[in-house]
Amino acid sequence: MIVTHDDAKAFGYCNAGLRKWFPRDGVTFDDFRKHGVTVEWLRATGDAMAVRLADEVERLRQSQEAA
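An account of the accompanying structure is given in this report. This one's a predicted model, so the numbers in the text were calculated from it and none came from an experiment.

**Quick word on the packing of aromatic side chains**
Part 1 of the argument: The final tally for this structure, using the stated rule, is 7 aromatic pairs.
Part 2 of the argument: Aromatic pair phenylalanine 22 and phenylalanine 32: ring centres 5.4 Å apart, planes at 25°, arrangement stacked. Placement of the pair is phenylalanine 22 in the loop between helix H2 (15-18) and helix H3 (29-35) and phenylalanine 32 in helix H3, with a sequence separation of 10 residues. Here phenylalanine 22 matches phenylalanine 32 in class, with each residue buried.
Part 3 of the argument: Their ring planes at 50° and their centres at 6.4 Å tell us that phenylalanine 29 and phenylalanine 32 sit as a pair that is tilted. In this pair, phenylalanine 29 and phenylalanine 32 both sit in helix H3, 3 residues apart, roughly one turn of the helix. Judged on exposure class, the residue phenylalanine 29 and its partner phenylalanine 32 are both buried.
Part 4 of the argument: By the ring-pair criterion, three or more aromatic residues cluster together here, those being Phe11, Tyr13, Trp21, Phe22, Phe29, Phe32 and Trp41.
Part 5 of the argument: Seen from the ring of tryptophan 41, arginine 24 lies directly overhead, with NZ or CZ sitting 5.6 Å from the centre.

**Concerning the nonpolar core**
Part 1 of the argument: Core analysis: the largest hydrophobic core is formed by 17 residues, its most contacted members being Trp21, Phe22, Leu42 and Leu53.
Part 2 of the argument: If you list the elements that add at least two residues to this core, you get H3, helix H4 (39-44) and helix H5 (48-66).
Part 3 of the argument: If you tally residues by element for this core, the top one is H5, at 4 residues.

The rules we used
Residues numbered from 1 in each chain as written. Predicted model: local features only at pLDDT ≥ 70, side-chain atom pairs only at ≥ 80, totals over all residues. Heavy atoms only, no water. Phe/Tyr/Trp six-rings, centres within 6.5 Å; stacked < 30°, edge-to-face > 60°. Helix = DSSP H or I, 4+ residues; strand = E, 2+ residues; numbered from the N terminus. Buried < 20%, exposed > 50% of the residue type's maximum accessible area, 1.4 Å probe, protein only. Lys NZ or Arg CZ within 6 Å of the ring centre and 35° of its normal. Core = buried A, V, L, I, M, F, W, Y, C linked by side-chain atoms within 4.5 Å.

And the structure:
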């Protein structure tokens with residue numbers, strides 16, 4: 001499942017906070033803004049905010065699919 005920059009902004013995250021996760025594993029902030037990253041990638045950062053975002057996006061998308 002892909003998490004986009006728009007997802008992060010909708011969750012209330014600012015770009016300054018988001019930038020802390022990059023670069024990692026060859027992924028840049030610009031890559032994230034253009035293509036997003038997987039929930040697995042976010043969780044692998046070990047950052048509590050990234051994990052929270054991954055969990056919330058996953059929960060929201062699953063509830064949308066169930067509806």
